[in-house]
Amino acid sequence: MAESLYGTIAPTTNYILNNYNYRKFDEDNYLVTTEHGSWVLLSKEEFDLLRLHKAEENPLLFSELEKKGIILTLDNIKKVISNFRERNHFMFSAPTLHIIIPTLRCNQKCIYCHSRAKPDSGKKYDLDRDKAKKIVDFILSVPVDSLTIEFQGGDCILNYGTTEFIIDYAKEKAKEKSKKVLFSLVTNLTLMDRSILDSLAKRKVRGIATSFDGPREVHDRNRKYLGGKGTYEDVVHWIEIIKSEYKNEFNLNALATITRHSLGYGREIVDEYIKRGFLSLWLRPLNNIGFAADSWKKIGYSAEEYLNFYNSTLDYIIEVNKNGTELREMMTTIFLKKVLSNKDPQMVDIESPCGAGIGQVLYNYNGDIHTCDEAKLFPEFKLGNVETSSFWDIIDNEITVAMMDVSSKKGYLCDACVWNPYCGICPIYTYAAQGTIVSKLAKDAKCKTYNGILTSLFKKLLFSEEDRKVLLTWIKRGRLF
């Protein structure tokens, strides 16, 4: 006999059941999942043998359950523990994504802006170079060998001199410390010019991300200049220049934030992305944060309405793939990687525990440190300031600890949910929507949305061979972003 963390295990066919959850898909199909991310589809007869602890009566079933770690034996216990550790690898490292806000100013006022960007004339919202140095010094004090600095806003191009300065200073200091630092930049593109593109290319900033909500009638309704004019024409202009003249220098990604105005345009959004040469599309659900909270009754929707849009649009994306056009939906791809691999792709707000503060940190224009990008709106999620705080102050901060605790999902109904290994709770979203970081799941639209996405995803993986073939190609295309 041998002892394990789970109890006493005897040799041969003796075993104990791992902790598992299940969902009945129909009369003869039960999906079973475990905390280390393994899953299996069982018939009713097979499921009865599992739950009654009689799996050994069916040798083929026993072998499959042992292989997946749904039952634990002396032969598989070390592998199950290793898989669990690998799946949660992000918990054993310091933050590797560091977001800097060179300015909160923006030349647009998008109807859903999660940052509550300030008008472009307000220079007091710019990061100065002295604080920029201190932010970089703080970032490079974090005990990791490789990290990414991402510039957000407002729009960081409005303070591009400081953005450029940070890149040069960070490279110099990283070289001194034998660290590797990568850079990415988030911009609405309308302020772009060739001199900035040349500067970024010279500094080998490969990643540029933008917002592109689809065809003109959708994009211009969602994303306007301060004066009220739509931005579609200018965004498309720079998308075409980057994809034609700078295609070897930059990896340009875009996401579409879905508002109520978008719901009837699923196919048109997909067609617009294909027309502009994108190979990926993110159908980003709208969060009730920032300016979106002010106009939620006009632009918001229920989880059910979003899922109707998502499912019909995903079906269309799969259809165009079957017809030979390459395009993948990125939220689906993230969930696919969580379901089909041992390593979490580290999308902060779909991790458990949430990666805010432990995988990602944000540095505001005034040097304040927040747990993540959307947390900068809430003083309750401020962790410190680069003038007075050390990295260890941030990690030990009671806010960081509380967010990790609540987003680990222990004590929630999540404990009994079949999707538990693949889902995540975002305390910032919960706080904005419910006034507390402890989610009332029955009222949580994000919970309902993820539940619906995972249900659709598994139905395609399990019961549609053609859809499964397409989806499997999405996770074989290299990096996500």
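This report concerns the structure included in the present document. (Residues numbered from 1 in each chain as written. Predicted model: local features only at pLDDT ≥ 70, side-chain atom pairs only at ≥ 80, totals over all residues. Heavy atoms only, no water.)

1. Comments concerning the overall build of the protein chain
Here is step 1: Within the protein chain, the secondary structure is distributed over 18 helices and 20 strands.
Here is step 2: Taking 23 Å as the expected radius of gyration for a compact globule of 481 residues, we find that the protein chain reaches 24 Å, a close match to that expectation.
Here is step 3: In terms of overall dimensions, the protein chain has a C-alpha envelope of 75 × 50 × 45 Å along the principal axes.
Here is step 4: By residue count, 56% of the 481 residues in the protein chain fall in the buried class.
Here is step 5: A fraction of 69% describes how many contacts in the protein chain between residues 6 or more apart in sequence connect residues 24 or more apart.
Here is step 6: Of the accessible surface of the protein chain, which amounts to about 21000 Å², a share of 50% is contributed by carbon and sulfur atoms. (Helix = DSSP H or I, 4+ residues; strand = E, 2+ residues; numbered from the N terminus. Rg over C-alpha atoms; globule rule 2.2 N^0.38 Å. Buried < 20%, exposed > 50% of the residue type's maximum accessible area, 1.4 Å probe, protein only. Contact = heavy atoms within 4.5 Å. Areas by Shrake-Rupley, 256 points an atom, 1.4 Å probe, with all protein chains shown as cover.)

2. Observations regarding unusual backbone geometry
The phi torsion of most residues other than glycine is negative, and most of the peptide bonds are trans.
Here is step 1: In this structure, the amide linkage connecting glycine 153 to the following residue, glycine 154, adopts the cis form with an omega of 15°.
Here is step 2: Tracing the chain through its elements places glycine 154 in the loop between β11 (146-151) and α5 (160-176).
Here is step 3: The omega angle of the peptide bond from serine 352 to proline 353 is -5°, so this bond is cis rather than trans.
Here is step 4: Among the structural elements, proline 353 can be located in the loop between α13 (330-340) and β18 (360-363).
Here is step 5: Non-glycine residue arginine 116 carries a positive phi angle of around 50°.
Here is step 6: As for its placement among the helices and strands, arginine 116 is situated in the loop between β9 (105-106) and β10 (118-119).
Here is step 7: A positive phi angle, close to 75°, is found at leucine 189, a residue other than glycine.
Here is step 8: Under the relative-accessibility criterion, leucine 189 is labelled buried at 0%.

3. Topic: the environment of aspartate 126
Here is step 1: Residue position: aspartate 126 is located in the loop between β10 and α4 (129-140).
Here is step 2: In the structure, aspartate 126 is positioned 82 residues away from isoleucine 208 in sequence and 21 Å away in space, judged by C-alpha atoms.
Here is step 3: Leaving out residues up to four positions away in the same chain, aspartate 126 has contacts with Pro102, Thr103, Arg105, Asn159 and Tyr365.
Here is step 4: Side chain to side chain, aspartate 126 and threonine 103 meet in a polar contact 2.6 Å long.
Here is step 5: Within the structure, the side chain of aspartate 126 is placed 2.8 Å from the side chain of arginine 105, a separation counted as a polar contact. (Polar contact = N/O pair within 3.5 Å; in protein donor to acceptor, adjacent residues only side chain to side chain.)

4. Examining the packing of α4 against α5
Here is step 1: One way to put it is that α4 packs onto α5 with a least axis distance of 10 Å and a crossing angle of 35°. In this structure, α4 crosses over α5, and the sense of that crossing is right-handed. Residues Arg129, Ala132, Lys133, Val136, Asp137 and Leu140 of α4 lie in contact with α5, whose contacting residues are Gly161, Thr162, Phe165, Ile166, Tyr169, Ala170, Lys173 and Ala174. (Axes fitted to C-alpha atoms, helices over the stretch in contact; angles between N-to-C directions. Left-handed = near helix turned anticlockwise from the far one by under 90°.)

5. Concerning the side chain of threonine 210
Here is step 1: Within the element layout of this structure, threonine 210 appears in strand β13 (residues 207-211).
Here is step 2: A polar side-chain atom of threonine 210 sits 2.8 Å from the main-chain carbonyl oxygen of threonine 187.
Here is step 3: Setting aside residues no more than four positions away along its own chain, threonine 210 makes contact with Thr187, Asn188, Leu189, Leu252, Asn253, Ala254 and Leu255.

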